[in-house]
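Results of the structural survey
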Amino acid sequence: MKKIYIKTWGCQMNENDSFIIKRTLKKKLQCTYVNNSKKANILILNTCSIREKAQEKLFHQLGRWKKIKKKNSKIIIAVGGCVANQEGKKIYKRAPYIDIIFGTQTIHLLPKMIEEKKNTKKILVDAKLKGMQKFNIIFTPKYTHYKTYVTITEGCNKKCSFCVVPTTRGKEISRPYKDILFEIKNMVRQNIREVTLLGQNVNSYLYIDKNSNNICNFQELLYKISKIEEIKRIRFITSHPKDFNNKIIDSYKKIPKLVNFLHLPIQSGSDKILKLMKRGYTVKRYKKIITNILKARPNMQISSDFIIGFPGETEKDFNRTMKIISEINFDNSFSFIYSKRPNTIASKLIDNTTLQEKKHRLHKVQKQIFYQSMQWNRRIIGTTQNILVHGTYKKNKKKLIGTTDSNRIVRFYGCDSEIGKIVSVKINGMKKKYFYGNIKK
Ligand code: SAH
Ligand code: F3S
């Protein structure tokens, strides 16, 4: 019996890829999954290369697995994900004890590669960009929860000067909407009620059906998904401000199932830096989008990504980022210090801000957003929120546990029959990280 251990780094896309890997392996091989790498005979690492140290982190991890393999040479080590796409066989040169290298778009070939490995001592490598093939194996697992991810696009056609994604995930491809709908309908049969649509720029989704010449863009896809009755909530991540057009904003008026929460990365509050980043919008344009979104949905909570200490970011530029953070009143953020990535345009820019200064700036950003998030928490108390009920609270079975549109956790008294449904809950207060309230009938 194959005992598999999977370690996943990085974004939701990688998490979803690992989920597909698990499903595919389960279907194609006789295997079980273990939570402890020492108990496994197949070790799989799904890597991320968005920021520096990814390579170092990878070789540290492989070093640990090398020790496990020393005790049992039959163990198979497979490395995949964005670092595998970026570095390919070079990983093997530094870690010759690994067996398989697979890429972000060859995860579906992993069962075959594992089988093949039995008959060869050679390293097996396939990290080519093969588009959407990995989604061809559609079969729906049993879900133990009510929400899941659905990938709608792969890759990216933008050329942000700091980013490696276009090289590791290739050109943007949109999945056929029929496949997406088919997959969601299957998920619904397994009790899924909330979907998060995934892609680097979901809002540039565009699929042209070659048979019927039907064109489906992002807002049309949202409408189609919202028609699936059992789906109660729709999220998406990530959107790009450049493609966030008025039609998409309009869907907030027309599709109540879209959550009151949007992740729309601005990256910086300085037009000079946005230009150097090649983001394709100005701060003014970003603010205009938010104003229009708030017109459609006054209660919308917004979150963003920030890159701090981009080459050329002066104190003045940074202060502009601080200004936009409070102006938009972001509820949340993923903020990181700029990391120089191989073969990117930004890697050639002069960067003379010290690391110490960058750390100081990052700390300021995170402190401000934490403060704003706390304010949002306070603002939620006393309001009525839509809660997707995920199950009972382990410590008190009479209580239910669920999440708000902005993914805040709420506990409240209620019956098991509410599990998997959206209920209205009046939020009465907050204890540690959790909210509590009463169901409104
Ligand atoms: N497509 C998405 C983002 C994908 S990458 C978008 O356009 O917003 C996720 C986040 O990682 C980015 O938003 C950015 O904030 C961060 N990131 C990407 N490359 C980075 C780098 N070289 N250094 C620091 N952060 C980076
Ligand atoms: Fe990266 Fe920019 Fe695309 S951040 S994923 S190149 S939109």
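Here the structure is shown first, and the text comes after it.
Residues numbered from 1 in each chain as written. Chains lettered and ligands numbered in written order. Predicted model: local features only at pLDDT ≥ 70, side-chain atom pairs only at ≥ 80, totals over all residues. Heavy atoms only, no water.

**Overview of the environment of lysine 39**
Its location among the elements puts lysine 39 in the loop between strand E2 (31-33) and strand E3 (42-47). Lysine 39 gets classed as exposed once you look at its relative accessible area, which sits at 56%. Distance from lysine 39 to lysine 3, taken between C-alpha atoms, is 7.3 Å for residues 36 residues apart in sequence. Those residues within four positions of lysine 39 in sequence are excluded, and the remaining contacts are Lys3 and Val34. (Helix = DSSP H or I, 4+ residues; strand = E, 2+ residues; numbered from the N terminus. Buried < 20%, exposed > 50% of the residue type's maximum accessible area, 1.4 Å probe, protein only. Contact = heavy atoms within 4.5 Å.)

**Topic: the site of ligand 1**
In the region of ligand 1, 16 residues are neighbours, and Phe162, Gln200, Gln267, Asp305 and Ser339 sit closest. Side-chain polar atom of aspartate 305 to an oxygen atom of ligand 1: 2.5 Å apart, as the coordinates give it. For ligand 1, whose unbound accessible area comes to 540 Å², protein coverage reaches 90%. Of the residues assigned to the shell around ligand 1, the class counts are 6 nonpolar, 6 polar and 4 charged. (Near = heavy atom within 4 Å. Polar contact = N/O pair within 3.5 Å; in protein donor to acceptor, adjacent residues only side chain to side chain. Areas by Shrake-Rupley, 256 points an atom, 1.4 Å probe, with all protein chains shown as cover. Nonpolar A, V, L, I, M, F, W, Y, C, P; charged D, E, K, R; others polar.)

**Concerning the pattern of salt bridges**
In a structure, side chains of opposite charge can pair up when their charged atoms sit close to one another. Throughout the structure, instances matching the rule amount to 24 salt bridges. As a salt-bridge pair, glutamate 194 and arginine 233 come within 3.1 Å of each other at their nearest N and O atoms. Taken as a pair, glutamate 194 in strand E10 (residues 194-198) and arginine 233 in strand E13 (residues 233-237) lie far apart in primary sequence, 39 residues in all. On the accessibility criterion, glutamate 194 (2% relative accessible area) is buried. (Salt bridge = Lys/Arg side-chain N within 4 Å of Asp/Glu carboxyl O.)

**Here we look at the packing of helix H7 (residues 177-189) against helix H8 (residues 218-226)**
Their axes nearest at 10 Å, the elements H7 and H8 cross at an angle of 30°. Viewed along their axes, H7 and H8 adopt a mutual orientation that is roughly parallel. By crossing handedness, the relation of H7 to H8 is classed as right-handed. Along its contact with H7, which presents Tyr177, Ile180, Leu181 and Ile184, the element H8 presents Leu221, Lys224 and Ile225. Class assignment of the residues belonging to the contact of H7 with H8 gives a composition of 6 nonpolar, no polar and 1 charged. (Axes fitted to C-alpha atoms, helices over the stretch in contact; angles between N-to-C directions. Parallel < 35°, antiparallel > 145°, perpendicular 65-115°, else oblique. Left-handed = near helix turned anticlockwise from the far one by under 90°.)

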